[in-house]
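Inside the fold
The lines below spell out each chain.
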Amino acid sequence: MTMDRNADAPWSKFDPEAYVDDNYRTPLDVDLLIVRHMRDYFSRCYAAGVPDAVRGVDVGAGANLYPGLSMLPWCEKVLLLEYAPPNVAYLERQKSGTGYDTAWDAFWDVLKEAPAYAGIDDPRATFGDIVRVERGNLFDLEDGHRRWDIGTMFFVADSMSECSEEFRRGVRCFMNALNEGAPFAAAFMKESVGYRVGEHRYPAYRVNEDRVRESLEPFTGELEIHDLHHMVRPGHEGMLLALGRRNSEIARP
Ligand SMILES: C[S@@+](CC[C@H](N)C(=O)[O-])C[C@H]1O[C@@H](n2cnc3c(N)ncnc32)[C@H](O)[C@@H]1O
């Protein structure tokens, strides 16, 4: 059997509206739980104060705003980096005009239960002000020339290819894009066999907690992995959420 590599999947045909309908339009408990964990983790990381000019990145942002929203109170700027052109267009629409779709309010409602988030009066305006969208490839972050102070990567390294080598490379590239000490959150589908969006199929690499831990551990100081036993659809066994901080290890291929 041939392996579906990242470059083989129909990214240019990714349908963000179908994807939001399937995953986020009706908020699932598991996502709200992830948001709660992330909110509390980032709040702890910055409990002693927020440094000046923090820059955040969400890698493979796709049609999901909640990782970006979770970085809002801490950042001067947030970059949403995404490869698929239809998703880039979706993200651009979310920060233009009257602001992001009401579908994302349910996630902000969870975030704003914590003081730093509650301090943002108009999250739509703040999102429009500080967020920038860029088309880019995760694999181009390998050399570590571009680095951020906080980062998120949700369902990307595990949901872009069937190859173990590309999974590990994806994680390494994300880690290489973070400065020493940077808090991060990364989420993975457990044991995913791939997924469908609209008419198209997309590849996945099957991970479990051990594989996720093994891939992240070399690059992290503190690391906690939450195993969320929720089924979202047939074809995977739940979600894994990794929260931690980047250490000073240089990631090499
Ligand atoms: C399963 S979706 C996850 C989207 C979103 N982060 C979320 O939490 O729902 C996988 C995302 O990875 C993006 N992607 C695939 N290959 C990529 C690459 N080489 N570099 C950056 N993003 C990529 C896809 O376009 C898609 O948006």
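One can find the structure itself at the top, above this paragraph.
The text that follows walks through the structure, step by step, so that each part is easy to find. (Residues numbered from 1 in each chain as written. Predicted model: local features only at pLDDT ≥ 70, side-chain atom pairs only at ≥ 80, totals over all residues. Heavy atoms only, no water.)

**Some points on the packing of helix H8 (residues 164-176) against helix H9 (residues 209-216)**
Between H8 and H9, the shortest axis-to-axis distance is 9 Å and the interhelical angle comes to 45 degrees. As the angle between them shows, H8 and H9 are arranged oblique. Here H8 runs over H9; the crossing is right-handed. Touching Phe167, Val171 and Met175 of H8 are Arg211, Ser215 and Leu216, all from H9. Among the residues making up the contact of H8 with H9, the classes are represented as four nonpolar, one polar and one charged. (Axes fitted to C-alpha atoms, helices over the stretch in contact; angles between N-to-C directions. Helix = DSSP H or I, 4+ residues; strand = E, 2+ residues; numbered from the N terminus. Parallel < 35°, antiparallel > 145°, perpendicular 65-115°, else oblique. Left-handed = near helix turned anticlockwise from the far one by under 90°. Contact = heavy atoms within 4.5 Å. Nonpolar A, V, L, I, M, F, W, Y, C, P; charged D, E, K, R; others polar.)

**Topic: the site of the ligand**
The local shell around the ligand holds 21 residues, among which Tyr19, Tyr24, Gly60, Glu82 and Leu138 are the closest. A distance of 2.8 Å separates a nitrogen atom of the ligand from a polar atom in the backbone of Gly60. Contact between the ligand and Asn64: an oxygen atom at 2.9 Å from a side-chain N or O atom of the residue. When the ligand is considered free in solution it has 590 Å² of accessible area, and contact with the protein chains removes 99% of it. Judged by its atoms lying within 2 Å of the grid points, the ligand is housed in the largest cavity. Here the shell around the ligand is composed, by residue class, of twelve nonpolar, eight polar and one charged. (Near = heavy atom within 4 Å. Polar contact = N/O pair within 3.5 Å; in protein donor to acceptor, adjacent residues only side chain to side chain. Areas by Shrake-Rupley, 256 points an atom, 1.4 Å probe, with all protein chains shown as cover. 1 Å grid on protein atoms, 1.4 Å probe; cavity = no way out; pocket = protein on both sides within 12 Å on 5 of 7 lines; lining within 4 Å. Sits in = over half its atoms within 2 Å of the grid points.)

**Some words on the pairing of strand S9 (residues 239-246)**
Counting buried residues along S9, seven of its eight residues qualify, which places the element largely inside the surrounding structure. Taken together, the seven bridges between strand S8 (residues 220-228) and S9 define a ladder with antiparallel strand orientation. Following the sheet pairing, Leu228 is matched in S9 by Met239. (Buried < 20%, exposed > 50% of the residue type's maximum accessible area, 1.4 Å probe, protein only. Pairing = 2+ DSSP bridges.)

**Focus on the sheet that holds S8**
What the seven strands build is an open sheet, ordered S3-S2-S1-S4-S5-S9-S8; its pairing is mixed. The open sheet has two free edges, formed respectively by strand S3 (131-135) and S8, since each of these has just one partner strand. The sheet shows a mean angle of 15 degrees between the axes of neighbouring strands, taken without regard to direction. Running over the sheet, helix H7 (residues 123-130) touches strand S2 (77-82) and S3 and is turned about 50 degrees from S3. Of the strands in this sheet, strand S5 (183-189), S8 and S9 are in contact with H9, which crosses S8 at around 165 degrees.

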